Amino acid sequence: MGRLSRRAFALAALSTLTTASGAAAAPGRPRGRAAIEMRGVWLATVSNRDWPSKPGLTAAQQRAELIAHLDRAAADRLNAVMFQVRPTADALWPSTYEPWSHYLTGTQGKSPGWDPLGTAVTEAHRRGLRLHAWFNPYRVANHGDPTKLAASHPARKHPDWVVPYGGKLYYNPGLPEVRAFVQDAILDAVHKYPVDGVHFDDYFYPYPVAGQTFDDDAAYDAYGGAFSNRADWRRDNIDKLVLETAARIRRIRPTTQFGISPFGVWRNAATDPLGSDTRAGVQSYDDNFADTRKWVREGWIDYLVPQLYWNIGFAAADYAELVPWWAEQARASRTKLYLGEALYKAGDPAQPPAWQDPAELSRHLTLAREYAQVRGHVFFAAKEVSADRIGAMARVVADHYREPAGPPRRVTGRSAGSGA
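Quick look at the structure, then. Bear in mind that the values here come from a model prediction, so they are computed numbers and not experimental data.

Criteria and cut-off values
- Every chain's residues receive numbers from 1 upward, in the order its sequence appears when written.
- Owing to the predicted nature of the model, reporting of local features is limited to residues with pLDDT of at least 70; listing and counting of side-chain atom pairs is limited to 80 or more, with chain, interface and lining totals taken over all residues.
- Only hydrogens and water are set aside; all other atoms, that is, all heavy atoms of the structure, feed into the side-chain values.
- Elements are defined by DSSP. Helices are runs of H or I of four residues or more, strands are runs of E of two residues or more, and each kind is numbered from the N terminus.
- Multiplying one less than the number of residues by 1.5 Å gives the expected span of a helix.
- Think of a polar contact as two N or O atoms within 3.5 Å of one another; within protein, one of them needs to be a possible hydrogen donor and the other a possible acceptor, and neighboring residues in sequence only count if both atoms come from side chains.
- To obtain each axis, a line is fitted to C-alpha atoms, and for helices this fit is confined to the stretch in contact; angles are then taken between N-to-C directions over 0 to 180 degrees.
- By convention the crossing between two helices is left-handed if the near helix lies anticlockwise of the far one by an angle smaller than a right angle, and right-handed if it lies clockwise.
- Any pair of residues with heavy atoms lying within 4.5 Å of one another is described as a contacting pair.
- Burial status follows relative accessibility: with a 1.4 Å probe on protein chains alone, a residue under 20% of its type maximum counts as buried, one over 50% as exposed, and anything between as partly exposed.
- A strand pair is defined by DSSP finding two or more bridges across the two strands.
- With its strands directed away from the observer, a crossover is right-handed exactly when the path from the first strand over the helix to the second travels clockwise.
- By convention, a stacked pair of Phe, Tyr or Trp rings (six-membered ring in the case of Trp) has centres within 6.5 Å and planes under 30 degrees apart, an edge-to-face pair has planes over 60 apart, and any other such pair is tilted.
- Over a ring means this: the NZ of a Lys or the CZ of an Arg is within 6 Å of the ring centre and within 35 degrees of the ring normal.
- Every case where a carboxyl oxygen of Asp or Glu lies within 4 Å of a side-chain nitrogen of Lys or Arg is listed as a salt bridge.
- Ten residues, namely Ala, Val, Leu, Ile, Met, Phe, Trp, Tyr, Cys and Pro, are considered nonpolar, four, namely Asp, Glu, Lys and Arg, are considered charged, and the remaining ones, Gly among them, are considered polar.

**Re helix α8 (residues 230-252)**
Helix length check: α8, at 23 residues, gives a terminal C-alpha distance of 33 Å against a target of 33 Å (1.5 Å per residue), a fit within 8%. Of the residues flanking the start of α8, the one acting as N-cap is Asn229, its side-chain oxygen 3.2 Å from the backbone nitrogen of Ala231.

**Some points on the packing of helix α11 (residues 319-330) against helix α12 (residues 360-368)**
Following both chains from N to C, one finds α11 and α12 inclined at 35 degrees, their axes separated by 10 Å at the closest point. Helix-helix and strand crossings are classified by hand; for α11 and α12 the assignment is right-handed. Residues Tyr319, Ala320 and Val323 of α11 touch α12, and the partners they reach there are His364, Leu367 and Ala368.

**Some words on the side chain of His153**
You can see His153 is positioned in the loop between β4 (139-141) and α5 (154-157). For His153, a relative accessible area of 0% corresponds to the buried category. Here Ala89 takes part through its backbone oxygen, which lies 3.0 Å from a polar atom of the side chain of His153. The residues touching His153, leaving out its near neighbours within four places in the chain, are Thr88, Ala89, Pro99, Gln108, Val140 and Tyr171.

**What to know about the pairing of strand β1 (residues 38-43)**
With six of six residues buried, β1 is to be regarded as a mostly interior element. Residues Met38, Gly40 and Trp42 of β1 are buried on one face, and the alternating residues Arg39, Val41 and Leu43, pointing to the opposite face, are buried as well. Inspection of the sheet shows β1 paired to strand β2 (residues 80-86) by four bridges, in the parallel sense. Its bridge partner being in β2, Leu43 is matched across the sheet by Phe83. Considered for its hand, the β-α-β crossover made up of β1, helix α2 (residues 59-75) and β2 is right-handed.

**Let's talk about the packing of aromatic side chains**
One pass over the structure, following the stated rule, counts 27 aromatic pairs. With 5.7 Å between their ring centres and 85 degrees between their planes, Tyr344 and Phe380 make a pair best called edge-to-face. You can see Tyr344 sitting in the loop between β10 (336-341) and α12 and its partner Phe380 sitting in strand β11 (residues 374-380), a full 36 residues away along the chain. Taking the relative accessible area as the measure of exposure, Phe380 reaches 17% and is therefore buried. An aromatic cluster of at least three residues, connected via ring pairs, comprises Tyr165, Tyr170, Tyr205, Phe214 and Phe289. A cation over a ring is seen here: Arg139 above Tyr203, with NZ or CZ 5.2 Å from the ring centre.

**What about the pattern of salt bridges?**
Evaluated as defined, the whole model comprises 25 salt bridges. With its nearest N and O atoms 2.8 Å apart, the salt bridge here joins Glu37 to Arg39. Pair check on accessibility: Glu37 and Arg39 agree, each one buried.

**Overview of the sheet that holds strand β7 (residues 197-200)**
In space, the eight strands of this closed barrel follow the order β1-β2-β3-β7-β8-β9-β10-β11, with parallel pairing throughout. When strand β3 (residues 130-135) meets β7, the two strands line up parallel, connected through four bridges. Across the sheet, Phe135 pairs through a bridge with Phe200, a residue of β7.

**Remarks on the packing of α2 against helix α4 (residues 116-126)**
Here α2 crosses α4 at 35 degrees, and the two axes come no closer than 11 Å. The way α2 lies across α4 gives a crossing that is right-handed. In this structure, α2 contributes Arg63, Leu66, Ile67 and Leu70 to the contact, and α4 contributes Pro116, Thr119, Ala120, Glu123 and Ala124. Taken together, the residues that form the contact of α2 with α4 break down as six nonpolar, one polar and two charged.

**Quick word on the side chain of His132**
For His132, the position within the fold is in strand β3. Given a relative accessible area of 1%, His132 falls into the buried group. For His132, the contacting residues outside a window of four places in its chain are Met38, Ala80, Val81, Met82, Phe83, Asp196, Gly197, His199, Gln257 and Tyr303.

Worth remembering: the numbers are spatial, not functional.
Written out as structure tokens, the structure is:
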């Protein structure tokens, strides 16, 4: 389907029949699909974005805010919450490996007096929600000063693991000991809690910062000998993290899903003919060294949620172009495809005119229903689900989520890499 016809389809979604309330009625979904689909929301804790509203609240206040987010998700007939429990190489549970997050108390390493992850799992399940524990693998701090970290922090004990870049601190993905430690820290939560999923976001190697170089020379000299260039070596480091994490999750909790939410463009077609008809300034393959297309086509992970944070018709990265491109990558793969939706842009005056229309997101879901490979959506993020400043989420619920739906389950009995 060419660019013009995809845009024509997106515009045609506007002319669907209207309900008595005036909302556009969603087209019929093939039999059996409506009952099972991902309806997720990200609940971000980094920089206190969604929760808790600020550091230093009492345990009762924090718990009440968390419960309110879960209640809202259930009321909107969502069925999964991606809860960020390791935002900056720290923890929102009593971790064996890393200190308590400073986003809870204001002091890294200080106990908040309760167990946020344990509570989230219990209370989500009580409301019929799946709880996916969301981890950022390599970010250590959103500042560049190691002395601000807790004295017990592994990054202070192993300064050779850390790379300062862009005013922040990162673990070096090129060190095998770092890769093993990151997995151990993440899997501590999987051992301790019946989480329904392990979820990674889009930060692998950090996004490029103009005029700066991510200094992994020593690691490349030590471990990159089998590769003709640094970029391929970096991608292999991330591939190993993905494959090894997937295998270890299966050994610990075979029904726990493993999913990743990368930047929405793998590569532009101008860079690679296999890429999408986009002109994005970032490409995950080249800039984050994340070969997201391969992970899907090889079936290494249970689900992928590309962040398609653009409106229909956006010139550089058209939502109507990216949906069929990703659907094609997921064809014949065991990896389920969900789409990341930019609820946070709805009603933001700094965004293009399309985002001032409460129906823009609903049109996304209408368009995506034409592709059988798309098995649901995840919305960024919980604060906007609650605020819903122009009613965009209410429109999605009215048009598409009138009845409850169960989330897709993990396909068991196949090994990662089967490609089936």
